[in-house]
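A closer look at the structure
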Amino acid sequence: MTARVLDGKVLASQIETNLIKATSKINQLGMSPCIAVVQVEDNPASDMYINMKEKACQRSGIRSRIVRLPKHVGKKELISILHNLNNNEDIDGLLLQVPLPEHINIQDIVEEISPIKDVDCFHPYNMGRLFSGNTGLKPCTPLGCMVLLNWSGIVLEGKKAAVLGRSNIVGKPLASLLMQQNATVTICHRKSVDLSQELKEASIVVAAIGIPQSIDGSSLKQGCVVIDVGQHRLPDGSIVGDVEYHSARKVAEWITPVPGGVGPMTVAMLMYNTVWAAAKRRGIQLNEIFTPWLMNISNI
């Protein structure tokens, strides 16, 4: 068996086509979706991600505004800047680029972002709505994973899923979204007693543990679906995920590549959230533009 590839680049490009239609509709009403990204301290990795987001905005017809602040910025000053962006009617989406300096607690700051502009979906209000199954913005990476699965026609109902990692950014929200589609979900982590047994029983495996190539094909159930959220640069310059791709591809039925799988979908979902936030604030309907399977998952 050689797994079929869950190509995030192809799907992200299709979604961007819909986003262009959506932003065009909003523009015709004399408005223009805009996202603001706040970055504290210069960081090469953060700069790379911000550059990717800016390019995606340009392709999708979304305006972007980057607010760069020095490392020594104080908590009160940062909160004041976020409040100003919350109150700026030209801004539809607002996100805080991580990592932050050690003297700033990210959770304290995230709670200062307006929930209606929280396109990363880190605010407790949005997370609460997600976990309770209500409508609202969804975190970009988990949403991107779900969209990939549904786009490929992979049936989740009744399937056993193992989510490796329990972060608030990926593991927990993705487990909730999988359960909402009637999968039976186990969240695994470093304290899990028998990870190998969980993997051997799982038809869906989501790897989000942050350890390069820590899962290989011998650990997986024959015919499973592998969603690899990890992305790591090795000393030789190559980029790999949490899963050892070549051995896993011989066992799995479907697998996401790294790069080119989950990454492009995360960016596409950030653009999608921004456009929907813009439309919702202005009472504009976009349902006819996006495909039903995307609408059903995002449930905005």
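All values reported here derive from a predicted model rather than from experimental measurement.

Moving on: the overall build of the protein. Scanning the protein from N- to C-terminus turns up 11 helices and 11 strands. The C-alpha radius of gyration computed for the protein amounts to 19 Å, which stays within 12% of the reference 19 Å derived for 300 residues, consistent with globular compactness. A principal-axis box enclosing the C-alpha atoms of the protein has dimensions of 55 × 45 × 35 Å. Counted over contacts in the protein with a minimum sequence separation of 6, partners at least 24 positions apart contribute 72%.

Okay, the sheet that holds strand E4 (residues 93-97) next. The 3 strands are arranged E3-E2-E4 in an open sheet whose pairing can be described as parallel. Each edge of the sheet is formed by a strand with only one pairing partner; in this case those strands are strand E3 (63-69) and E4. Adjacent strand axes in the sheet meet at a mean angle of 20 degrees when their direction is disregarded. Sheet strands in contact with helix H2 (residues 44-60) are strand E2 (34-40), E3 and E4, and its direction is about 160 degrees off that of E3.

The next subject is the side chain of Thr141. Structurally, Thr141 is set in helix H6 (residues 140-151). Here the side chain of Thr141 touches Thr266 through a polar contact of 2.9 Å, side chain to side chain. Apart from residues no more than four positions distant in its own chain, Thr141 is found in contact with Val170, Val229, Val262 and Thr266.

On to the packing of H6 against helix H10 (residues 262-282). How two helices pack is summed up by the angle between their axes together with the distance between the axes. Where H6 contacts H10, the axes come no closer than 8 Å and their chain directions differ by 110 degrees. Compared by their axis directions, H6 and H10 come out roughly perpendicular. On H10, the residues touching Cys140, Thr141, Leu143, Gly144, Cys145, Val147 and Leu148 of H6 are Val262, Met265, Thr266, Met269, Leu270, Tyr272 and Asn273. Here the contact of H6 with H10 is built from residues that sort into 10 nonpolar, 4 polar and no charged.

Buried residues dominate helix H7 (residues 171-180), accounting for 7 of its 10 residues. Buried residues belonging to H7 abut helix H5 (124-131), H6, strand E5 (160-164), strand E6 (184-188) and strand E7 (204-207). Once H7 ends, the next one or two residues include Asn182, with phi positive near 70 degrees.

Tracing the sequence through the fold places Glu41 in the loop between E2 and H2. C-alpha of Glu41 to C-alpha of Pro70: the two residues are 29 residues apart in sequence and 5.0 Å apart in space. Apart from residues no more than four positions distant in its own chain, Glu41 is found in contact with Leu69, Pro70, Lys71 and Pro101.

Following the criterion strictly, the structure yields 9 salt bridges and no others. Between Glu16 and Arg59 there is a salt bridge, and its shortest N-O distance comes to 2.8 Å. You can see Glu16 sitting in helix H1 (residues 8-28) and its partner Arg59 sitting in helix H2, a full 43 residues away along the chain. When its relative accessible area of 45% is taken as the criterion, Arg59 is described as partly exposed. Counted as one network, the salt bridges with shared partners bring together Glu89, Asp92, Arg281 and Arg282.

Going residue by residue along E7, you find Ile204 and Val206 tucked away on one face and Val205 and Ala207 tucked away on the opposite face as well. Both E5 and E7 contribute to a ladder of 4 bridges, which runs parallel. Looking at E7, one finds that Leu164 is bridged to Ala207. Bridging between E7 and strand E8 (residues 225-228) involves 4 bridges; their strand directions are parallel. The residue bridging Ile204 from the neighbouring strand is Val225, located in E8.

Parameters and conventions
- Residues numbered from 1 in each chain as written.
- Predicted model: local features only at pLDDT ≥ 70, side-chain atom pairs only at ≥ 80, totals over all residues.
- Heavy atoms only, no water.
- Helix = DSSP H or I, 4+ residues; strand = E, 2+ residues; numbered from the N terminus.
- Rg over C-alpha atoms; globule rule 2.2 N^0.38 Å.
- Contact = heavy atoms within 4.5 Å.
- Pairing = 2+ DSSP bridges.
- Axes fitted to C-alpha atoms, helices over the stretch in contact; angles between N-to-C directions.
- Polar contact = N/O pair within 3.5 Å; in protein donor to acceptor, adjacent residues only side chain to side chain.
- Parallel < 35°, antiparallel > 145°, perpendicular 65-115°, else oblique.
- Nonpolar A, V, L, I, M, F, W, Y, C, P; charged D, E, K, R; others polar.
- Buried < 20%, exposed > 50% of the residue type's maximum accessible area, 1.4 Å probe, protein only.
- Salt bridge = Lys/Arg side-chain N within 4 Å of Asp/Glu carboxyl O.

Interpretation note: all reported values are geometric properties and have no functional meaning in isolation.
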